[in-house]
Amino acid sequence: MAWKALNRIEKQQGSDKHVLSEALKNKIRVFLDRYETRRGALLPALHIIQDEFGYVSEQAMDELAQLLEIPASDVLDTVTFYTYFWTKPRGKKVITLCRSTACEAMGSGKILAECKRILGIGEHETTPDGKYSLQTEECLAACDHAPCMKINERTYAKVTPEQVQAILDDPNNDRLDIPRSDLFDGVKRSGG
């Protein structure tokens, strides 16, 4: 059996197409003035990219590195360090379950098992229809509401295994009742 060597010096086939539009780059550029170094804008930029595409592709990482004038390896290190970022397409709705001590003590393991059973997927996997992805995080900062879970940005408190099916069946299970902050969207503020 012969081994196929990858040429990592030259760009891989199909990577000539840019994925970051000028509008998206401009949204990222708004953050550059907020930090002493361009590297400081890396996390907000990654959030913007993932919000736009649902994940951060290798091509997007390369283009972001060029935009921020930092090594591509620094972008990759950051993306792979934080479990929040995905390097492949994720579901339209991301279920995040807390695995902190408080949530574990209150039964989050049973919630995770029920989600896996209903969806037929494991952690950091996506349903075949692309509707849901499942992940766990160390803490969702809602210990007084343990066990908790999120679907996109909406938090569910004191979840029981019996509630999981109804939560997943609700077509609006990811909708927030409050507007999002414009800080994330890179709106410049006057006066400081």
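Residues numbered from 1 in each chain as written. Predicted model: local features only at pLDDT ≥ 70, side-chain atom pairs only at ≥ 80, totals over all residues. Heavy atoms only, no water.

Some points on the state of the cysteines
- Inspection of the entire model under this criterion finds 0 disulfides.
- There is no disulfide at Cys139, and the cysteine sulfur nearest it, in Cys143, is 4.2 Å away.
- Overall, Cys139 belongs to the partly exposed group, its relative accessible area being 44%.
- With relative accessibility at 43%, the residue Cys143 sits in the partly exposed group. (Disulfide = S-S within 2.5 Å. Buried < 20%, exposed > 50% of the residue type's maximum accessible area, 1.4 Å probe, protein only.)

Observations regarding unusual backbone geometry
- With omega at -10°, the peptide bond leading from Ala146 into Pro147 counts as cis.
- Of note, Pro147 is situated in the loop between strand 3 (132-137) and strand 4 (149-151).
- Located in the positive-phi region is Lys158, a residue other than glycine, with phi close to 50°.
- As for its placement among the helices and strands, Lys158 is situated in the loop between strand 5 (154-156) and helix 7 (161-169). (Helix = DSSP H or I, 4+ residues; strand = E, 2+ residues; numbered from the N terminus.)

Considering the confidence of the model for the protein
- The share of residues in the protein with pLDDT of 70 or more is 85%, and the mean pLDDT across the chain is 86.
- Looking over the protein, one finds the lowest element-wise mean pLDDT in strand 2 (residues 125-126), namely 91, and the highest in helix 7, namely 97.
- Here residues 4-14 scores under 50 on pLDDT; set against residues more than four positions off or in separate chains, the count is 2 contacts.
- Overall, residues 187-192 carries pLDDT values under 50, and its contacts beyond four positions in sequence, including any with other chains, amount to 6 contacts. (pLDDT = per-residue confidence, 0-100. Contact = heavy atoms within 4.5 Å.)

Some words on a nonpolar patch on the surface
- Together, Leu43, Phe81, Tyr82 and Tyr84 line one region of the surface with nonpolar side chains, adding up to about 410 Å² of accessible area.
- With respect to the helices and strands, the residue Tyr82 is situated in the loop between helix 4 (72-81) and strand 1 (93-98).
- By relative accessible area, which is 36% here, Tyr82 ends up partly exposed. (Patch = residues over 30% accessible without salt bridge, like charges linked within 9 Å, V, L, I, M, F, W, Y side chains within 5 Å. Areas by Shrake-Rupley, 256 points an atom, 1.4 Å probe, with all protein chains shown as cover. Salt bridge = Lys/Arg side-chain N within 4 Å of Asp/Glu carboxyl O.)

Focus: the pattern of salt bridges
- Under the counting rule described, the total for this entry stands at 7 salt bridges.
- Across the pair Arg38 and Glu69 runs a salt bridge whose closest N-O atoms are separated by 3.8 Å. Of this pair, Arg38 sits in the loop between helix 1 (22-29) and helix 2 (42-53) while Glu69 sits in the loop between helix 3 (58-68) and helix 4; the two residues are 31 residues apart in sequence, bridging distant segments of the chain.
- For Arg38, a relative accessible area of 33% puts it in the partly exposed group.
- Across the salt bridge formed by Arg39 and Asp74, the nearest N and O atoms sit 2.3 Å from each other. On the criterion of sequence distance, the pair formed by Arg39 in the loop between helix 1 and helix 2 and Asp74 in helix 4 is long-range, its members being 35 residues apart.
- Where salt bridges share partners, they join Glu22, Lys25 and Arg29 into one cluster.

Focus: the packing of helix 3 against helix 4
- Axis separation between helix 3 and helix 4 bottoms out at 8 Å; the angle between their running directions is 125°. As far as their axial angle goes, helix 4 and helix 3 are oblique. Pair helix 3 / helix 4 crosses with right-handed handedness. Residue-level contacts link Met61, Asp62, Leu64 and Ala65 of helix 3 to Ala72, Val75, Leu76 and Val79 of helix 4.
- Counted by class, the contact of helix 3 with helix 4 contains 7 nonpolar, no polar and 1 charged residues. (Axes fitted to C-alpha atoms, helices over the stretch in contact; angles between N-to-C directions. Parallel < 35°, antiparallel > 145°, perpendicular 65-115°, else oblique. Left-handed = near helix turned anticlockwise from the far one by under 90°. Nonpolar A, V, L, I, M, F, W, Y, C, P; charged D, E, K, R; others polar.)

Digging into the packing of helix 2 against helix 4
- As a packed pair, helix 2 and helix 4 sit with axes 11 Å apart at the nearest point and diverge in direction by 70°. When the axes of helix 2 and helix 4 are compared, the pair comes out roughly perpendicular. The way helix 2 lies across helix 4 gives a crossing that is right-handed. Residues Leu42, Leu43 and Leu46 of helix 2 lie in contact with helix 4, whose contacting residues are Asp74, Val75, Thr78 and Val79.
- For the contact of helix 2 with helix 4, a count of residues per class yields 5 nonpolar, 1 polar and 1 charged.

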